[in-house]
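Breakdown of the fold
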Amino acid sequence: MDAREQVLSLLPDGEGEVHREAVPDYVPFNGDLVSLFKDRVAAVGGRVMDLDEARRLCPAPAWVDGDVAGTWGSPPTPRDIWEASAGVTSTICAVAQTGSVLLAAGPGRRRLVSLAPPVHIALVRKVVATLADAVDLAPRSTSVLVTGPSRTADIEGVLVNGVHGPGELWVVLLEDLIVD
């Protein structure tokens, strides 16, 4: 099966079922998943840091999604999302294989929090090995995998960060981290 067929096989069938067995289950690493995840995040232009460092660098983000407001410490000052310096989101999980984080939309989880501000701060409580593991955890609501900061090369083939979304991705591994 070529890459195109693999992607197409992930689309829901007429019954709304996703064919999870078509998701590649390959992790080219047999060691520590957290170390692999950190390496992959760095490789795609993101930063992994602890919560104290993120709070120091961004003491008052303008937007924090509902699941993490208590973790961040202080409630955000509501302002226009398009003027916010950073958006903080919770994640369903992080994927060691790709350095991605899985986000889901729903009550208290605005998708724009991860898209509009120039910095997206993703708080991670769970790291899984593969994309297949992440798909198994994805809720039926809208979900998205974020891999690194926004980047595009659609203007004369020049790679530019932050045009269609955040120019920076900070990933915070929380103390109660679960590794599957």
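Residues numbered from 1 in each chain as written. Predicted model: local features only at pLDDT ≥ 70, side-chain atom pairs only at ≥ 80, totals over all residues. Heavy atoms only, no water.

**Quick notes on the overall build of the chain**
Counting secondary structure elements, the chain contains five helices and ten strands. Put simply, of all contacts in the chain between residues at least 6 apart along the chain, 68% involve residues at least 24 apart. (Helix = DSSP H or I, 4+ residues; strand = E, 2+ residues; numbered from the N terminus. Contact = heavy atoms within 4.5 Å.)

**Structural notes on the layout of surface pockets**
Approximately 290 Å³ is the volume found for the second largest pocket. Broken down by secondary-structure element, the contributors of at least two residues to the lining of the second largest pocket are strand E3 (87-90), strand E5 (100-104), strand E7 (143-146) and strand E10 (168-179). Among the elements that take part in the lining of the second largest pocket, E7 stands out by supplying three residues, more than any other. Grouping the amino acids of the lining of the second largest pocket by side-chain chemistry returns nine nonpolar, nine polar and five charged. (1 Å grid on protein atoms, 1.4 Å probe; cavity = no way out; pocket = protein on both sides within 12 Å on 5 of 7 lines; lining within 4 Å. Points joined across faces, edges and corners; volume = space filled by probe spheres on them. Nonpolar A, V, L, I, M, F, W, Y, C, P; charged D, E, K, R; others polar.)

**Section: the nonpolar core**
Grouped together as the largest cluster of nonpolar side chains are 17 residues, with contacts concentrated most on Phe37, Val101, Val124, Val127 and Val171. Those elements that provide at least two residues to this core are helix H2 (33-43), E5, strand E6 (119-128) and E10. Looking at this core element by element, the count peaks at five residues for H2. Each residue touching Phe37, except ones within four places of it in the same chain, is listed here: Ala94, Val95, Ala96, Gly99, Ser100, Val101, Val127, Val171 and Leu173. (Core = buried A, V, L, I, M, F, W, Y, C linked by side-chain atoms within 4.5 Å. Buried < 20%, exposed > 50% of the residue type's maximum accessible area, 1.4 Å probe, protein only.)

**Describing the pattern of salt bridges**
With the rule as written, the count across this model stands at four salt bridges. In this structure, Glu53 engages Arg47 in a salt bridge whose closest nitrogen and oxygen atoms are separated by 3.3 Å. Among the residues examined, Arg47 registers a relative accessible area of 36% and is labelled partly exposed. A salt bridge links Asp180 to Lys126; the nearest nitrogen and oxygen atoms lie 2.4 Å apart. Of the two residues, Asp180 is situated in the segment after E10 and Lys126 in strand E6; the sequence distance between them amounts to 54 residues. For Lys126, a relative accessible area of 18% gives the class buried. (Salt bridge = Lys/Arg side-chain N within 4 Å of Asp/Glu carboxyl O.)

**Side note on the environment of Ala116**
With respect to the helices and strands, the residue Ala116 is situated in the loop between E5 and E6. The exposure class assigned to Ala116 is buried, which follows from its relative accessible area of 15%. Taking the C-alpha atoms as reference points, Ala116 and Ala86, separated by 30 residues in sequence, lie 8.5 Å from one another. Filtering out sequence-adjacent residues up to four positions away, Ala116 remains in contact with Ile81 and Trp82.

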